[in-house]
Amino acid sequence: MLIEANNLHKSFGDVRAVDGVSLHVAACEAYGLVGPDGAGKTTTMRLLVGAFACDEGEVRIAGHDIRTRPEDARSNLGYLPQRFSLYSDLTVQENLNFFGEVRGVTSAELAQRGAELLGFVGLKGFEQRLSGQLSGGMKQKLGLACALIHQPRVLLLDEPTGGVDPVTRQDFWQLIIRLLADGVAVIVCTPYMDEAVRCNRVGFLSQGRLLTQGSPRELTARLEGRVLELVAEPRVRARQLSLDDPDVEDAQTFGNRLHLRVRAAAGPLERLPGTLAAAGVQVTRLKPIAPNLEDVFIALLEEAEAAHV
Amino acid sequence: MRLLALIRKEFIQIIRDPRTLALTFAMPVIQLFLLGYAATNDVRNIALAVFDQDRSPASRELLDAYRAADYFRIDFDVDSEIEIRQLIDSGAARAGMVIPPDYSEQIAAGHTARVAFVIDGSDPTLAGTALSAATLIGQAQSTDIAVERLSRQGQLAAMDPAIEVRTQVWYNPDLVSAYYMIPALIGMILQFLTTILTSTAIVRERERGTIEQLIITPIRSWELMIGKLAPYVIVAFIDTIEILIAGILIFGVPINGSLPLLLLLSGLFLVSTLGIGLLISTISNTQQEAMLTSIFTMLPSIFLSGFFFPLAAMPQFLQWISYAIPLRYFLIVVRGIVLKGVGASALLPEIIALSVFAFIVMGVAAKRFHKRLD
Ligand SMILES: Nc1ncnc2c1ncn2[C@@H]1O[C@H](COP(=O)(O)OP(=O)(O)OP(=O)(O)O)[C@@H](O)[C@H]1O
Ligand SMILES: [Mg+2]
């Protein structure tokens, strides 16, 4: 295991930002850490890199304890923080050189790897630009290049595609996939489910707790046969009527479709067409579908809330 | 080499920030001008209005004596006491002299002639100077007259004054304030610049989020600390030399002591001020906070170090507080070396005090300085 985190706890006053998180990520594996705003994703990352000391628990990066042997652990660690954290008054090249030099990359290596990385992230030709003058997506790419300059075996990315256009998002994932092929272990924090699906494993974080973790397939399997897709007009009315059905637990809107989470599919499939038609709602489609991660996540959040009350 | 990379990065940032650069290298000279010229206690050319009712050779002789000393400038020759009052009220004249109509008669008769001298007391420094200057000039003139009288009576040479008090000022014989202020200015500027620049430079990393990337590099806390301080030590030394050169060229301040000793002890003083900057950085979250806190720590340093006001004239408890201010010791050092040309042995108590400060402040700051976010 390249990343081992056991039972991490971190509180800020009364706020339990991270509350008993354990993660294990192996080489070639991408772990998606998903959670709403304030769930504790960034705090978890900061515990993993040792920017915060944990109240409880331990972190090992490539076998080195982050608390007792931070330098060894960090020589294996690349980190792209959520917030832009390079020097905006230094050029692209100067940032890359600086972070390479302080990590002990020799100047010969630096010249070669620097050029390679800038090509890799698509910043060739921008070497002399002040990094503060780059676009949001380019800043993230430079951040990634700086995080990779010392060829780390562990890469932590905190919302790397936040505020980045869809094409750049694609680029980013292509880069991550190539790194995985080279044997890097990656953790990606993201609020986007379509990104989480690309990970080998996903952990759902809410209020500092990992609600569950597993591969996207394992997670969606838990709701197998319990999600119905409904396409009907008018949609708002259709949603209200569906929620009145005793077997429907939840109804989420996805574009022009509704996803109904049901206790069992048979009842609603039988009852709903009649109920909706009687109310003047025109149903185009009603059928069981494969659940997506978002369905699973919402179900888990509601369960967790119910358990709290 | 990590440390070198840090220092190089810091210098690039200094150069790319024109406002800070201007603050760093222009401020010392501007301060020097302000304090060298404006904060001077030297009073010269006090505007004097004269109402000479006698208009005799004797009264002209008296006026010449006043003219000769450059304390006074006879700007107004008026014809009534009321005019003198008006001139002083309007601020056009700061002093007035009234010579009685019988001035020359009284002197010729061997009596004491009374000359009235009025001073505008609204500015105490100026009034004090005018008062003592007027008295001294008057006394000198009356001595001359007395000697003349006696010689006329054939008692020449027998009448040397019985006692003569001769005052002599050492080290700064012309009592030029600039000589006193400029060396002190080195101390003040060094402290001001190093605390502000180092504290903001460190807090800037936190404010802009760059600390998050620095934290996960293998840079050790002490390397980060040295990497942040070293550039500003160099800047501070450049400033010291800048002030000295400007002081010599513009104000003609004589450097009587050893320059290497001065630079060495400036370095010792800098350890304390950099430590203060470092401490401020550990309690500030924004550059603005760091800047304000730095300015706040400057105030007691300026007022309780003997920079403007002599310590001996202060209430006892303020004098006690002043022992806790490193600038106090450094001012003694810098004035001692520049004005008196003293060596290290005469400054031993100050050197010990500065060393103790350097050790304590830097020690506490280094202990508090962590390469972490929490
Ligand atoms: N330095 C800090 N001091 C005090 N509270 C903090 C600090 N950092 C985080 N918190 C609190 O901890 C909780 C978790 O914050 P965190 O930044 O880890 O969330 P997040 O999942 O990264 O959210 P987002 O998606 O908005 O980035 C929040 O309630 C936050 O207010
Ligand atoms: Mg976050």
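Reading the values: the criteria
Residues numbered from 1 in each chain as written. Chains lettered and ligands numbered in written order. Predicted model: local features only at pLDDT ≥ 70, side-chain atom pairs only at ≥ 80, totals over all residues. Heavy atoms only, no water. Helix = DSSP H or I, 4+ residues; strand = E, 2+ residues; numbered from the N terminus. Buried < 20%, exposed > 50% of the residue type's maximum accessible area, 1.4 Å probe, protein only. Contact = heavy atoms within 4.5 Å. Rg over C-alpha atoms; globule rule 2.2 N^0.38 Å. Areas by Shrake-Rupley, 256 points an atom, 1.4 Å probe, with all protein chains shown as cover. Lys, Arg positive; Asp, Glu negative; His and termini not counted. Charge placed at Lys NZ, Arg CZ, Asp CG, Glu CD. Donors = N, O, S within 2.8 Å, 3.2 Å for Na, K, Ca; no water. Core = buried A, V, L, I, M, F, W, Y, C linked by side-chain atoms within 4.5 Å. Near = heavy atom within 4 Å. Polar contact = N/O pair within 3.5 Å; in protein donor to acceptor, adjacent residues only side chain to side chain. Nonpolar A, V, L, I, M, F, W, Y, C, P; charged D, E, K, R; others polar. Buried area = accessible area lost by both parts, 1.4 Å probe. Salt bridge = Lys/Arg side-chain N within 4 Å of Asp/Glu carboxyl O.

**Student:** Explanation requested: the overall build of chain A in the structure shown.
**Tutor:** The helix and strand tally for chain A stands at eleven helices and 14 strands. Summarising its shape, the C-alpha atoms of chain A cover approximately 75 × 45 × 35 Å along the three principal directions. When the 309 residues of chain A are sorted by exposure, 54% land in the buried category. In chain A, the share of contacts with a sequence separation of at least 24, taken over all contacts with a separation of at least 6, comes to 68%.

**Student:** Explain the overall build of chain B to me, please; I cannot follow it from the model alone.
**Tutor:** For chain B, the helix and strand inventory stands at 14 helices and four strands. Radius of gyration (C-alpha) of chain B: 29 Å, far over the 21 Å computed for a compact globule of 374 residues. Its C-alpha atoms give chain B principal-axis dimensions of about 95 × 45 × 40 Å. Sequence-distant contacts in chain B: of pairs separated by 6 or more residues, those separated by 24 or more amount to 80%. For chain B, the exposed area adds up to about 18800 Å²; of that, 63% sits on carbon and sulfur atoms. The average position of the 28 basic charges and that of the 32 acidic charges among the side chains of chain B differ by 16 Å.

**Student:** Which parts of the structure should I look at to understand helix α3 (residues 92-102) of chain A?
**Tutor:** One full turn of an α-helix is made of 3.6 residues, so residues set three or four places apart face in the same direction. With eight of eleven residues buried, α3(A) is to be regarded as a mostly interior element. Buried residues along α3(A) sit against α4 (107-121) and α5 (136-148) of chain A together with α1 (2-16) and α8 (210-215) of chain B. Positioned one or two residues after α3(A), A:Gly104 has a phi angle of 80 degrees, which is positive.

**Student:** Can you help me understand the environment of A:Ile66 in this one?
**Tutor:** All names here are of chain A. Assignment of secondary structure puts isoleucine 66 in the loop between β5 (64-65) and α2 (70-74). Classification of isoleucine 66 as buried rests on a relative accessible area of 8%. Through-space distance from the C-alpha of isoleucine 66 to that of alanine 185 is 16 Å; in sequence the pair is 119 residues apart.

**Student:** So what exactly am I meant to see when it comes to the coordination of the magnesium ion (ligand 2) here?
**Tutor:** Perfect tetrahedral coordination of a metal by four donors corresponds to 109.5 degrees between them, and perfect octahedral coordination by six donors corresponds to 90 or 180 degrees. Residues and elements named next belong to chain A. Distances from the magnesium ion (ligand 2) to its protein donors, Thr42 (OG1) and Gln82 (OE1), fall at 1.9 to 2.1 Å. Of the two residues, threonine 42 sits in helix α1 (residues 41-49) while glutamine 82 sits in the loop between β6 (77-80) and α3, which places them 40 residues apart along the sequence. Classification of glutamine 82 as partly exposed rests on a relative accessible area of 39%.

**Student:** Can you help me understand the nonpolar core in this one?
**Tutor:** Most often, soluble globular proteins keep nonpolar side chains buried together rather than apart. Core analysis: the biggest nonpolar cluster contains 123 residues, and A:Leu155, A:Phe204 and B:Phe307 have the highest contact counts within it. For this core, the element with the highest residue contribution is helix α7 (residues 177-207) of chain B, accounting for 16 residues. The residues contacting A:Phe204, other than those within four sequence positions of it, are A:Val34, A:Met193, A:Arg209, A:Leu210, A:Leu211, A:Thr212, A:Leu219, A:Leu293, A:Val296, A:Phe297 and A:Leu300. Counting residues in each nonpolar core, the second largest holds 35 residues, with A:Val18, A:Tyr31, A:Leu48 and A:Leu156 among its members.

**Student:** Is there a simple way to explain the site of ligand 1 in this structure?
**Tutor:** Residues and elements named next belong to chain A. Of all residues adjacent to ligand 1, which total 14 residues, the nearest are Gly38, Gly40, Lys41, Thr42 and Thr43. Between ligand 1 and the protein, one listed contact pairs an oxygen atom with a backbone N or O atom of glycine 38 at 2.8 Å. Between ligand 1 and alanine 39, the relevant distance is 3.1 Å, taken from an oxygen atom to a main-chain nitrogen or oxygen of the residue. If ligand 1 stood free it would expose 630 Å²; the protein chains cover 64% of that surface. Mapped by element, the contributors of at least two residues to the shell around ligand 1 are β2 (15-25) and α1. With three residues, the top contributor of residues to the shell around ligand 1 is α1. In terms of residue class, the shell around ligand 1 is built from six nonpolar, five polar and three charged.

**Student:** I tried to follow the interface of chain A and chain B on my own but got confused; where do I start?
**Tutor:** By convention, interface size is frequently given as the accessible area that disappears when the constituent parts associate. Contact with chain A, which involves 28 residues of that partner, is made by 27 residues of chain B. Carbon and sulfur atoms make up 55% of the area that chain A and chain B hide from each other, which totals about 2700 Å². The largest share of the area that chain A buries against chain B comes from A:Glu71, A:Tyr87 and A:Val102, three residues that together contribute 21% of it. Where chain A meets chain B, there are five salt bridges.

**Student:** Any chance you could explain the side chain of A:Arg74 here in plain terms?
**Tutor:** Looking at the element boundaries, A:Arg74 is found in helix α2. No salt bridge is formed by the buried A:Arg74; its nearest oppositely charged neighbour, A:Glu71, is found at 5.1 Å. Apart from residues no more than four positions distant in its own chain, A:Arg74 is found in contact with A:Val49, A:Gly50, A:Ala51, A:Ile66, A:His150, B:Ile215, B:Ile216, B:Thr217 and B:Lys371.

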